[in-house]
Amino acid sequence: MTNREEIERRRTFAIISHPDAGKTTLTEKLLLYGGAINQAGSVKGKQSAKHAVSDWMDIEKQRGISVTSSAMQFEFDGFRINILDTPGHQDFSEDTYRVLVAADAAVMLIDAAKGVEAQTIKLFKVCRMRNIPIFTFVNKMDRAAKDPFALMEELEQVLGIRSCPINWPIGTDGDFQGVYHRDTKMVELYTGGDHGKSMVQKTDIAIDDPALEHVLAKHYRDRLAEEIDLLDEAGDAFDLDKVRRGELTPMFFGSAVTNFGVEPFLERFLQYTPPRKSDIGDIQPEEPYFSGFIFKIQANMNPAHRDRLAFMRIVSGSFEKGMEVWHSGTNKTVALKQPQQFMADEREAVEEAWAGDIIGLFDPGIYQLGDTLSGGPKLHYENIPVFAPEFFSRVRPADSMKRKQFQKGITQLAEEGAIQTFIRTETGREEFMVGVVGVLQFEVLEHRLKTEYQVDIVMESMPFRFVRWVVSTPKPIDQLKLTSTSGRAKDSRDRDVLLFENEWSIRLACENNAGLELAETANRK
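Residues numbered from 1 in each chain as written. Predicted model: local features only at pLDDT ≥ 70, side-chain atom pairs only at ≥ 80, totals over all residues. Heavy atoms only, no water.

> How would you summarise the sheet that holds strand β27 (residues 466-472) if you had to cite specific residues and measurements?
On the basis of which strands lie adjacent, the open sheet formed by 8 strands has the order β26-β23-β25-β24-β28-β29-β27-β30 and antiparallel pairing. Taken across any chain shown, the strands that pair with only one partner, and hence form the sheet edges, are β26 (457-462) and β30 (517-519). The sheet shows a mean angle of 40° between the axes of neighbouring strands, taken without regard to direction. In the packing of helix α11 (residues 403-416) onto the sheet, contacts are made with β23 (391-397), β24 (420-424), β25 (431-436) and β26, and the angle to β23 comes to roughly 150°. Contacts from helix α12 (residues 440-453) reach β23, β25 and β26 within the one sheet, and its direction differs from that of β26 by about 165°. (Pairing = 2+ DSSP bridges. Helix = DSSP H or I, 4+ residues; strand = E, 2+ residues; numbered from the N terminus. Axes fitted to C-alpha atoms, helices over the stretch in contact; angles between N-to-C directions. Contact = heavy atoms within 4.5 Å.)

This is the structure we're talking about:
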């Protein structure tokens, strides 16, 4: 294959949803259909006693949630697909933000009974900021569900995006019969299968085939005819350009846990998504030179090796093992050694890769989030911002003899973006603080320091809820007029930050100090 053909068959997408909408399950089912795994282990399935393939950390297997974003690759129908499974839990939303930077499209998973949930709204806004195509998969149709017209209205009212159902459910009151594919005019009948362990056997019947009467009761056929007429009359017509601009979301109904509707969704998704067009400068995937950026750093994926990997999204050209490229972080030439591709914690060595692929690079400690690597001009891809943490704790090792391991672990987790660190000196002694976007990240911090660095920690919760970076100040930081409950600190890059307990204190700080400019996010550099 030529470089252009290799690049055009690549698709990279992220799956976003509220926790428990079935995201990790859908990821597994896509892998099952792509032939990457033979048997899927649902996260909570009692009938199948396996853990999800994309959950690799012990804490993920114990709690049935995704804490880190997994990158997985498989082949399907001539396409090379990179899936980024993101944590749905809001406590890990920053990891999700970073991953969406590397995705070309997002699949939004919605629980059919619950509709659009709080976390979906937050993640959807990020997709909107990126202007990427969004596909909606309405999951858990094997249970009682909301009316599909009500779900369409919810997408428009709550998220502000219009939808176009590509298929339509038959039976939504816990009596799911299957779906009608509007583009092929075929009815696909639902079968429960073997708890979703293997591919589902499909029964397709044309809508005008007399045999449909024998397999689908009259009241289902009548209601389907009415609803399709209404959709054709009043619904939005399918418009591929609007889909690609992120203005219209194609909608699919199915049940990931039983595999129903997964394959038709995947086939159409690949048909509708465009190959990567870089929005970073005007760098096209077909450029003759290699370039990419680091969007995730993960240490200790393999406890036996205690290694550190930097995940890179290739934006242009092709990659070869051992090639030497310019690295923006050190402004030096580096050799890209031990490149790997993934299935959660299982990996294989890579000899070559193309624009659109996600690969892991062995990291001797030189890479940082947002770094650019280029075999051509010295270019910089857009910075991945640091988001303001909302929860803070004083942290110290329980055993002061283990201070060295403690600092090593904390530094590592901060470089991954899992936590942020601050030093506060205004109390007369140096206080070491950790800030996180969600409380659950403190559990992960404790768990990982204990299992990976053998350090027990003591954490004391602090009352702050907001941190703001000081962009400009009319006077030295220690002379600013702040409320008695506010604080001053330095971040890990020695930048001044202010800590607040409530929004009122932030407003007051700006009013009492004319010329004080604060920012909610900061650059990593």
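Let's pick the thread back up.
> Explain helix α8 (residues 218-234) to me, using residue names and the numbers behind them.
Helical geometry: 3.6 residues make up each α-helical turn, so side chains three or four residues apart lie on a common side. For α8, built from 17 residues, the straight-helix expectation of 24 Å at 1.5 Å per residue is met to within 8% by its first-to-last C-alpha distance of 24 Å. Looking at α8, one finds that the buried residues are Tyr220, Leu224, Glu227, Ile228 and Leu231. The arc that holds the buried residues of α8, viewed along the axis, is 105°, so those residues lie on one side. More than 90 degrees from the buried face of α8, the exposed residues found are Lys218, His219, Glu226, Glu233 and Ala234. (Expected span 1.5 Å × (residues − 1). Buried < 20%, exposed > 50% of the residue type's maximum accessible area, 1.4 Å probe, protein only. Arc of directions from axis to C-beta.)

> Give me the pairing of strand β16 (residues 332-335): which residues, what numbers.
Relative to β16, strand β15 (residues 324-327) is paired through 4 bridges, and the arrangement is antiparallel. In the sheet register, His327 faces β16, and the bridge partner there is Lys332.

> Could you give an account of the pattern of salt bridges, naming the residues involved and the relevant values?
For the structure on display, the rule yields 27 salt bridges. A salt bridge links Arg10 to Asp357; its shortest N-O distance comes to 2.7 Å. With Arg10 in strand β1 (residues 10-17) and Asp357 in the loop between β19 (352-354) and β20 (358-362), this residue pair connects regions lying 347 residues apart in the sequence. Taken individually, Arg10 and Asp357 each receive the classification buried, so the pair is uniform in this respect. (Salt bridge = Lys/Arg side-chain N within 4 Å of Asp/Glu carboxyl O.)

> Tell me about the packing of aromatic side chains, and name the residues and values.
In the structure shown here, the tally under the stated rule is 16 aromatic pairs. A centroid spacing of 5.8 Å and a plane angle of 70° characterise the contact between Trp168 and Phe253, whose relative ring orientation is edge-to-face. Highlighted residues: Trp168 in strand β7 (residues 167-170) and Phe253 in strand β11 (residues 248-253), separated in sequence by 85 residues. The two residues Trp168 and Phe253 agree in class, both being buried. An aromatic cluster is built from Phe13, Phe135, Phe137, Phe252, Phe265 and Phe269, whose rings are joined through pairwise contacts. Above the ring of Phe311, the side-chain terminus of Lys296 is found at 5.4 Å from the ring centroid. (Phe/Tyr/Trp six-rings, centres within 6.5 Å; stacked < 30°, edge-to-face > 60°. Lys NZ or Arg CZ within 6 Å of the ring centre and 35° of its normal.)

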